[in-house]
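Structural overview
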Amino acid sequence: MNAFRFLHCADLHLDTPFKGMSAVPDAIRQAIKNSTFAALQNVTQIALSENVDFVLIAGDLFDAAERSLRAQLFLRRELEKLSAAGIFVCIVHGNHDPENGGKAELAWPERVHFFSSDKPETLRLPNRRGQDAALVTGMSYGQKAVTENLAERFIPADSALYKIALLHANVDGDPAHDNYAPCSLSTLKQSGFDYWALGHIHARKVLHKQPYAVYPGNIQGRSVRELGPKGCYVANVTELGETSLTFHETDAIRFFCAEIPLDTLATEQDLQDELQRRMADIREQAEGRHAVVRFCFSGRTPLYRKLRNPTFLPDLLAELRGEEERAFTESNLPFVWIESVDDESAPPVDLAALARQDDFIAVMLQHVDKLLNDRGELAAFGHAALQPLFTSKAATYAAEPDEQTLRKWLAEARNLAVEALIRDAGWET
């Protein structure tokens, strides 16, 4: 066997619209929207600098079936760089960019191959020295919703060469993603392939070694549900067929979630200082990239009542965001953009102690605690409480909340009620 090196990436999602960013200043919004393109440029640079023999892209190159011309032209330009350097690129389509989606008629570089959706096909790929390196078998999605177990149709060739399977699939039914091209890890392990180059799951995972079954994750996070470093793997295969993986970060913008306990914060200045401190920490963790963060407030705090003032938090966030916007537009410094604040703080009272008393507040707290600890009763309570909403004209614009949302709403209602009752009673909080 001849030694070789390849890059495995997936889920480029070029031209992701980044919904929910309409209120973001133009310059910052444009930087966020361009992040998937910048991430692909980073992939190209890694392939060139690591001197790989070929690149595998495991589906979802575009974010929508009706892919934009801009995204297609950009992809072709990056692939031309690889082809000009003698690097082959093998591509399969996934559920976001199926073969039947709208696409421009473009001439792709000679060393780029898109696998069809008719059946698995196999390519013999050389290394940069012109020696036979590997057999790559791949199959694209013909349409978005592929429910067939495509992995069962992959049959390795009878050859001593290293065998790679390229597929966009959901292995063992990951609940965070649609169950397209479902298959089991046991099927992949017994298939006879040396490496399953997978796409579809955005979290980076090495499911198995010898044979390898690998999700590189997406190359660029797209929301605060996709946290931490994003990138691709470079695989080195020795003359003995031994494989080693190195992860390379490609994301241009990094997403963060950060909890901020408010227990020790008593004033507006305390809160502003703490937010600025945490933003400085995130800036350092982002290592020169832009960052987008969602803060979650927790704990019992004297600031609880002020945080419920409809102008208090928006005013504070406007100040912090304004500072980031100015630093970015005037000095081109990496920004830390506060996407939102999830405020789950509570009044500065001991709810457990109040629940042990013999009064109305105790009865209310005991009832809420019972609901929060009984999924059936919580669901029934939520249904009854919200029934007027969902039997009115407003039902057209609202969806019934899930269990997590119900819990959050009920806890906040409890906190507001306790704070109001204590304040009306003249107690100090």
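An account of the accompanying structure is given in this report. These numbers come from a predicted model, not from an experiment.

**Quick look at the nonpolar core**
Grouped together as the largest cluster of nonpolar side chains are 27 residues, with contacts concentrated most on Leu 7, Leu 12 and Val 55. The leading source of residues in this core is helix α2 (residues 35-49), at six residues. Beyond its immediate sequence surroundings of up to four residues, Leu 7 is in contact with Val 43, Ile 46, Ala 47, Val 52, Phe 54, Val 55, Leu 56, Cys 232, Tyr 233 and Val 234. If you look at the next biggest cluster of nonpolar residues, it comprises 24 residues, including Leu 275, Ile 282, Ala 286 and Phe 297.

**Some thoughts on the environment of Ser 244**
With respect to the secondary-structure elements, Ser 244 resides in strand β14 (residues 243-249). Not counting the four nearest positions on each side in its chain, Ser 244 is found in contact with Val 234, Ala 235 and Asn 236.

**Some words on helix α1 (residues 26-33)**
Think of an α-helix as turning once every 3.6 residues; residues three or four places apart then point the same way. Residues of α1 that are buried include every one of Ile 28, Ala 31 and Ile 32, and no others. Along the axis of α1, the buried residues cluster in a sector spanning 100 degrees; they form a single face. Elements that come into contact with the buried residues of α1 comprise α2, β15 (253-261), β16 (290-298), α7 (312-331) and β17 (336-343).

**Re empty space enclosed by the protein**
Summed over the entire model, instances satisfying the criterion amount to one cavity of 30 Å³ or more. Reported here for the largest cavity is a volume of approximately 40 Å³. Along the walls of the largest cavity sit Leu 40, Val 43, Thr 44, Val 55, Ile 57, Glu 78, Leu 79 and Leu 82, which together make up its complete lining. The set of elements that each furnish at least two residues to the lining of the largest cavity consists of α2, β2 (54-58) and α3 (69-84).

**Quick word on unusual backbone geometry**
In this model, Gln 210 is joined to Pro 211 through a cis peptide bond whose omega is 0 degrees. Relative to the helices and strands, Pro 211 resides in the loop between β11 (205-208) and β12 (212-215). A positive phi angle, close to 70 degrees, is found at Asp 15, a residue other than glycine. Here Asp 15 shows up in the loop between β1 (4-9) and α1. You will see that Ala 181, though not glycine, has its phi angle at about 45 degrees, which is positive.

**Examining the layout of surface pockets**
By volume, the largest pocket is sized at about 800 Å³. Around the largest pocket sit 29 residues that line it, and His 202, Arg 222, Ser 223, Arg 225 and Glu 226 are the ones nearest its centre. Of the residues in the lining of the largest pocket, the class split is eight nonpolar, nine polar and twelve charged.

**Remarks on helix α5 (residues 268-285)**
The end-to-end C-alpha distance of α5, which contains 18 residues, comes to 26 Å, matching closely the 26 Å that a straight helix rising 1.5 Å per residue would cover. Within the sequence span of α5, burial applies to Leu 271, Gln 272, Glu 274, Leu 275, Arg 278, Met 279 and Ile 282. Taken end-on, α5 shows its buried residues confined to a sector of 165 degrees, consistent with a single buried face. On its buried face, α5 sits against β15, β16, α6 (304-307), α7 and β17.

**As for the pattern of salt bridges**
By the definition in use, this model includes 28 salt bridges. A salt bridge links Glu 249 to Arg 289, with the nearest nitrogen and oxygen atoms 2.8 Å apart. One end of the pair, Glu 249, is in strand β14; the other, Arg 289, is in the loop between α5 and β16, with 40 residues separating them in the sequence. The class for Glu 249 is partly exposed, based on a relative accessible area of 34%. A salt bridge links Arg 289 to Asp 251, with the shortest nitrogen-to-oxygen separation between them at 3.2 Å. Here Arg 289 is found in the loop between α5 and β16, whereas its partner Asp 251 is found in the loop between β14 and β15, with 38 residues between them in sequence. Arg 289 sits in the buried class, given a relative accessible area of 15%.

Reading guide: rules and limits
- Residues numbered from 1 in each chain as written.
- Predicted model: local features only at pLDDT ≥ 70, side-chain atom pairs only at ≥ 80, totals over all residues.
- Heavy atoms only, no water.
- Core = buried A, V, L, I, M, F, W, Y, C linked by side-chain atoms within 4.5 Å.
- Buried < 20%, exposed > 50% of the residue type's maximum accessible area, 1.4 Å probe, protein only.
- Helix = DSSP H or I, 4+ residues; strand = E, 2+ residues; numbered from the N terminus.
- Contact = heavy atoms within 4.5 Å.
- Arc of directions from axis to C-beta.
- 1 Å grid on protein atoms, 1.4 Å probe; cavity = no way out; pocket = protein on both sides within 12 Å on 5 of 7 lines; lining within 4 Å.
- Points joined across faces, edges and corners; volume = space filled by probe spheres on them.
- Nonpolar A, V, L, I, M, F, W, Y, C, P; charged D, E, K, R; others polar.
- Expected span 1.5 Å × (residues − 1).
- Salt bridge = Lys/Arg side-chain N within 4 Å of Asp/Glu carboxyl O.

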